[in-house]
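# Structural overview
Residues per chain are reported as follows:
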Amino acid sequence: ELSSPANMEGPTIVDCRGHLMGRLASVVAKQLLTGNRVVLVRCEEMNISGSFIRNKLLFMSFLRKKMNSNPVKGPFHFRAPSRMVWRTIRSMMQHKIPKCQAALERLKVFDGVPPPYDKKKRMIIPDALRITRLRPGRKYTNLGRMCSEVGWKHWDTIKTLEAKRKTKGEAFWAKKKTVIAARRKALAAAAKDPKVAKVQKILDAVENAPVV
């Protein structure tokens, strides 16, 4: 389960890579209705169970559905992965009543990992992971690939931005590991220093002194 409002300072950021769209949508819809704020990133890396051609044909069939007298009034066929996920979550609640409209306002969906979420902790939903919910050998579809073949034009752009983000993240982690190693080395050296041990003993005595 995701965090509840009581123990959560900001929105819950979920990395959608490797999740099944329907299972993730059901969990997120429930959390939105209970008052949580949720941000979904990397929606283009989400999966749908079933072969690629089957899911593509189903979506092409959906594209043919329209209002005969005035198609401008809908239904609207989103091509971006993030908007497909948003529509799936919306379909799991009574989205025309005020409570559910307010819940949908607590949801944000993104393709890729835009700032400032690239520097924040991201979570997964174990109950919605493809590797745990889909039997090995079963076919599945990458949402980003399917969208790119039905009208979404930004898959290459997202790939380029994600490559830059990962390169920057690797450089940051390499620098952080150096800092962590230096800190551990300094702590080990300080533990062996008799002057530091003497001062630490005084600090411990002051901290543990009884309150009068």
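Presented here is a report on the structure given in the accompanying data block. (Residues numbered from 1 in each chain as written. Predicted model: local features only at pLDDT ≥ 70, side-chain atom pairs only at ≥ 80, totals over all residues. Heavy atoms only, no water.)

### Considering the packing of helix α1 (residues 21-33) against helix α3 (residues 81-90)
Counted only if it meets this: Here the axes come from fitting lines to C-alpha atoms, over the contacting stretch only for helices, and the angles between their N-to-C directions go from 0 to 180 degrees. Only runs of H or I of at least four residues qualify as helices and only runs of E of at least two qualify as strands under DSSP, and these elements are numbered from the N terminus. Oblique is the label for any angle not under 35 degrees, not over 145, and not in the 65 to 115 range, which are roughly parallel, roughly antiparallel and roughly perpendicular in turn. With the far helix as reference, a near helix turned anticlockwise by less than a right angle produces a left-handed crossing, and one turned clockwise produces a right-handed crossing. Note on contacts: a residue pair is in contact if any heavy atoms of the two residues lie within 4.5 Å. All amino acids are sorted into three groups, where Ala, Val, Leu, Ile, Met, Phe, Trp, Tyr, Cys and Pro are nonpolar, Asp, Glu, Lys and Arg are charged, and the leftover types, Gly among them, are polar.
Where α1 meets α3, the axes come as close as 9 Å, and the angle between the chain directions of the two elements is 60°. Classified by the interaxial angle, the pair formed by α1 and α3 is oblique. Crossing of α1 over α3 shows right-handed handedness. Along its contact with α1, which presents Met-21, Ala-25, Val-28, Ala-29 and Leu-32, the element α3 presents Val-85, Thr-88 and Ile-89. Here the residues of the contact of α1 with α3 are counted per class, giving 7 nonpolar, 1 polar and no charged.

### A look at the pattern of salt bridges
We apply this condition: Any Lys or Arg side-chain nitrogen found within 4 Å of a carboxyl oxygen on Asp or Glu counts as a salt bridge. For every residue, the accessible area obtained with a 1.4 Å probe (protein chains only) is divided by the maximum for its type, and the residue is called buried under 20%, exposed over 50%, and partly exposed between those limits.
By the definition in use, this model includes 6 salt bridges. The partner of Glu-149 in a salt bridge is Lys-56, and the shortest N-O contact between them spans 3.0 Å. Of this pair, Glu-149 sits in the loop between α6 (143-148) and α7 (155-192) while Lys-56 sits in helix α2 (residues 52-63), placing them 93 residues apart in sequence. Given a relative accessible area of 38%, Glu-149 falls into the partly exposed group. Between Asp-118 and Lys-119 there is a salt bridge, with its nearest N and O atoms 3.7 Å apart. Within the structure, one salt-bridge network assembled from shared partners comprises Asp-15, Arg-42 and Arg-122.

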